[in-house]
Amino acid sequence: MPATNLKDLLPEELEHYFESIGEKKFRARQLIKWVYTRYADDFSTMTDYSKALRTRLAETATLPQLKLVERQVSAESQTEKYLFQLPDGQAVESVLMKFEEHLGFERATACISTQVGCAMDCVFCASGQAGLLRNLKTWEIVDQVLQIQKAIAPRGERVANIVFMGIGEPLANYTNLVKSIKLLNHGEGLQIGMRHIAVSTCGLVPQIRKLAQENWPLRLAISLHGPNDEVRSRIMPINVKYPLADLLAVCKEYQDGTGRRLTFEYILIDEVNDATEHAHQLGQLLQGLHSLVNIIPLNPVEGYEGRRPSMNKVRNFQRIVEQYGIKSTVRQEMGTDIDAACGQLRRAHAEKSAPLPTGTRISLTTAAAAVAIE
Ligand code: SAH
């Protein structure tokens, strides 16, 4: 029998596992404590298990970890980027963000990846340029948080918020996303409250409906980026499959079910989606929803010729949207040494297929910062 990866099991599955080796269910709770609060990766350290049980576990189970390949810290120490290597040699990145609002509370937000690459092919996004390689497994999603938590715990800091806005489309990896949320939320483990978890999606309508049915008070962020089907389909191919009318209808369902305000991200790209009429269309589109619009001037990406509009245009766009009674924020990068968009660190790594040289500029998902801070 192949060894069982205990980090890929939900709490109830862990209980079954312990029963299957002739142990009591409560052993599962002990294991969750060891793994998710003491970062254990070796059964021999688990002193509340008998020696026989420790040996049995070592023979039949594993506790794999993501390998930290590179950690980069922005000049203001507000942002830390982590590059992790997966067991098959692929890599994913995660970002830890700290905001003034959180300083003094030792609370930070982790921006987590859910896939290696992405199939959605949004024209402005670096993550999808090489297509989708594979979904992350549940434990590979959770372990990003766990490894970051382990790294910052000695400083007295803790991951308090999660945004699923790293590489990949979270709802395209629905089963593992939901499992990972259950594990992150577990009361004996990392204990991250559902209200502190945000899922960002390019708009997979059936999966948004499914997520609404989970009945969790998760925060939902929609990457809108276009105020009409013509503009949106041009920059986000997914819109051809799930046009705005369907997307907005399911957003309403989600809001009615959860009672939560929705976040709409809107990247502004010069002369693509930033016209005055686009701002009016956006204002009209969101009537009837309780929403916040995050306006994000485009982060320039290699391989895409789109440009960021002038700050004047950005402010004008925001002013019009707010005329419709919609709250909005504008977010720029968090530091001058941080540029580019998500997915770039991983791409640089893949191109070299060697450890990153130190001093490689780190990137930040600006949109993630916007959602995390509100
Ligand atoms: N697939 C999910 C989450 C990952 S992307 C989604 O689409 O929401 C996280 C956010 O970064 C999305 O809003 C995405 O549209 C945005 N983003 C991607 N490329 C960007 C760029 N070049 N500049 C600014 N934001 C970008």
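Residues numbered from 1 in each chain as written. Predicted model: local features only at pLDDT ≥ 70, side-chain atom pairs only at ≥ 80, totals over all residues. Heavy atoms only, no water.

## Brief notes about the nonpolar core
The biggest cluster of nonpolar side chains holds 101 residues, and the ones touching the most others in it are Leu6, Phe164, Leu247 and Phe264. It is helix H4 (residues 138–152) that contributes the most residues to this core, 7 residues altogether. If we ignore the near neighbours within four places in the chain, the residues touching Phe264 are Ile222, Leu224, Leu248, Cys251, Leu286, Leu289, Ser291, Leu292, Val293 and Asn294. (Core = buried A, V, L, I, M, F, W, Y, C linked by side-chain atoms within 4.5 Å. Buried < 20%, exposed > 50% of the residue type's maximum accessible area, 1.4 Å probe, protein only. Helix = DSSP H or I, 4+ residues; strand = E, 2+ residues; numbered from the N terminus. Contact = heavy atoms within 4.5 Å.)

## Regarding the site of the ligand
Neighbouring residues of the ligand: 19 residues in total, closest Phe124, Ser200, Ser223, His225 and Glu265. One of the backbone nitrogen or oxygen atoms of Thr201 is found 3.3 Å away from an oxygen atom of the ligand. In the model, an oxygen atom of the ligand is placed 2.6 Å from a nitrogen or oxygen of the Ser223 side chain. Here the ligand, which alone exposes 530 Å², has 95% of that area covered by the protein. The set of elements that each furnish at least two residues to the shell around the ligand consists of strand S10 (197–201) and strand S12 (262–268). Grouping the amino acids of the shell around the ligand by side-chain chemistry returns 10 nonpolar, 7 polar and 2 charged. (Near = heavy atom within 4 Å. Polar contact = N/O pair within 3.5 Å; in protein donor to acceptor, adjacent residues only side chain to side chain. Areas by Shrake-Rupley, 256 points an atom, 1.4 Å probe, with all protein chains shown as cover. Nonpolar A, V, L, I, M, F, W, Y, C, P; charged D, E, K, R; others polar.)

## Some thoughts on the confidence of the model for the chain
Of the residues in the chain, 86% have a pLDDT of 70 or more, and the chain-wide mean is 89. A low-confidence stretch, residues 334–345 stays under pLDDT 50, and its non-local contacts, those more than four residues away or across chains, total 54 contacts. Across residues 351–366 the pLDDT falls below 50, and counting only partners more than four positions away or on other chains, this stretch makes 50 contacts in the model. (pLDDT = per-residue confidence, 0-100.)

## Considerations on the pairing of strand S6 (residues 107–111)
Most of S6 sits out of view: 4 of its 5 residues are buried. By the bridge criterion, 3 bridges tie strand S5 (residues 91–97) to S6 in an arrangement that is antiparallel. Looking across to S6, one finds that Met97 is bridged to Thr109. (Pairing = 2+ DSSP bridges.)

## Examining the pairing of strand S9 (residues 158–164)
Judged by how many residues are buried, S9 sits mostly within the fold: 6 of 7 residues are covered. Where S6 and S9 come together, 5 bridges link them in parallel fashion. Among the inter-strand pairings, Ala108 is bridged to a residue of S9, identified as Val159. Pairing between S9 and S10: 3 bridges, direction parallel. Bridging across to S10, Phe164 finds its partner in Val199.

## Thoughts on the pattern of salt bridges
Under the criterion given, the structure shown has 18 salt bridges. Across the pair Arg155 and Glu157 runs a salt bridge, and its minimum N-O distance is 2.9 Å. A residue is classified by how much of its surface remains accessible, and Glu157, at 16% relative accessible area, is buried. Shared partners join several salt bridges into a network, and the residues in it are Arg71, Glu80, Lys98, Arg155 and Glu157. (Salt bridge = Lys/Arg side-chain N within 4 Å of Asp/Glu carboxyl O.)

## Digging into the side chain of Glu169
Here Glu169 is to be found in the loop between S9 and helix H5 (174–185). It is Arg232 that comes nearest to the buried, bridge-free Glu169 among opposite-charge side chains, at 8.4 Å. A polar side-chain atom of Glu169 sits 2.9 Å from the main-chain amide nitrogen of Cys202. Excluding anything up to four places from it in sequence, Glu169 contacts Thr114, Gln115, Cys118, Met120, Ser200, Thr201, Cys202 and Leu204. (Lys, Arg positive; Asp, Glu negative; His and termini not counted.)

## Topic: the packing of helix H6 (residues 205–213) against helix H9 (residues 244–258)
Remark: H6 packs on H9, axes separated minimally by 9 Å, with the N-to-C direction vectors making an angle of 5°. By the criterion of interaxial angle, the relationship of H6 to H9 is roughly parallel. Residues Val205, Ile208, Arg209, Leu211 and Ala212 of H6 lie in contact with H9, whose contacting residues are Asp246, Leu247, Val250, Glu253 and Tyr254. Its residues assigned to classes, the contact of H6 with H9 comprises 7 nonpolar, no polar and 3 charged. (Axes fitted to C-alpha atoms, helices over the stretch in contact; angles between N-to-C directions. Parallel < 35°, antiparallel > 145°, perpendicular 65-115°, else oblique.)

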